[in-house]
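# Residue-level structural notes
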Amino acid sequence: MLRLIKNDSQHEDTLARIYELMQLDLQPDTEESDELEIRSMLVKKYEDEYYPIPEPSPIEAVKYRMEQMNLTDAELSEILGARSRKSEILSGKRKLSLSMIRALKEKLNISADILIQLY
């Protein structure tokens, strides 16, 4: 019987079982595929509660996305509107404006929820 994960030992055991199940050639709607799905949900719930991943700051998100997309500083300056704004924003001397947030959301596909955070 599957139960909630309550400690690190149970977490490790559940991860080991998930690994075993993932090595099988599971077919949909089988007992093993259902077990894999349920165990995965239990791990997610446990990790969300005990090992939460904090949201990145707006600046961290922009830098990370630039790296992912291989954007140059010049390309970011184009999105933000001016070269000096880019350096002021990335250094934390200037806050993002609403128009910058909209442009970053549209061009870099960064969630507005992340971009509007205080930093």
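Right above here is the structure, for reference.
Since the model is a prediction, treat every value here as computed from it, not as a measurement. (Residues numbered from 1 in each chain as written. Predicted model: local features only at pLDDT ≥ 70, side-chain atom pairs only at ≥ 80, totals over all residues. Heavy atoms only, no water.)

## With respect to the pattern of salt bridges
- The full count for this structure, using the stated rule, is 7 salt bridges.
- Measuring nitrogen to oxygen at the nearest pair gives 2.8 Å for the salt bridge that ties R39 to E35. Taken as a pair, R39 and E35 lie in helix α2 (residues 31-50) at a separation of 4 residues, close to a single helical turn.
- Relative accessible area serves as the criterion here: at 17%, E35 is assigned to the buried category.
- Here K45 makes a salt bridge to E49, at a shortest N to O gap of 3.9 Å. Highlighted residues: K45 and E49, both in helix α2, separated by 4 residues, approximately one helical turn.
- A relative accessible area of 49% places E49 in the partly exposed class.
- Taken together, the salt bridges that share partners define one network made up of R17, E20, E35 and R39. (Salt bridge = Lys/Arg side-chain N within 4 Å of Asp/Glu carboxyl O. Helix = DSSP H or I, 4+ residues; strand = E, 2+ residues; numbered from the N terminus. Buried < 20%, exposed > 50% of the residue type's maximum accessible area, 1.4 Å probe, protein only.)

## Focus: the environment of L2
- Structurally, the position occupied by L2 is in the segment before α1 (8-22).
- Residue class for L2 comes out partly exposed when judged on its relative accessible area of 30%.
- Along the sequence, L2 and E32 sit 30 residues apart, while their C-alpha atoms lie 12 Å from each other.
- Contact partners of L2, with chain neighbours within four places excluded, come to E35, I38, R39 and L42. (Contact = heavy atoms within 4.5 Å.)

## Things to note about the nonpolar core
- V62, L76, L96 and L104 are the most contacted members of the largest nonpolar core, which has 18 residues in total.
- Those elements giving two or more residues to this core turn out to be α3 (58-69), α4 (73-80), α5 (83-91), α6 (98-108) and α7 (112-115).
- In terms of residues, this core owes the most to one element, α6, which gives 5 residues.
- Apart from residues no more than four positions distant in its own chain, L76 is found in contact with V62, M66, K86, L90, L104 and L108.
- In this structure, I5, I18, L36 and L42 belong to the second largest nonpolar core, which totals 7 residues. (Core = buried A, V, L, I, M, F, W, Y, C linked by side-chain atoms within 4.5 Å.)

## A closer look at the packing of aromatic side chains
- On inspection of all chains with the given rule, the structure shows 2 aromatic pairs.
- When the ring of Y46 is compared with that of Y50, the centres are 4.6 Å apart and the planes differ by 35°; the resulting orientation is tilted. Linking Y46 with Y50, this pair stays in helix α2, spanning 4 residues, or about one helical turn.
- Y46 gets classed as buried once you look at its relative accessible area, which sits at 5%.
- Grouped by ring-pair contacts, the aromatic residues Y46, Y50 and Y51 constitute a single cluster.
- Between the NZ or CZ atom of K95 and the centre of the ring of Y119, over which it lies, the distance is 4.2 Å. (Phe/Tyr/Trp six-rings, centres within 6.5 Å; stacked < 30°, edge-to-face > 60°. Lys NZ or Arg CZ within 6 Å of the ring centre and 35° of its normal.)

Don't take any of this as a statement about function, it's just geometry.
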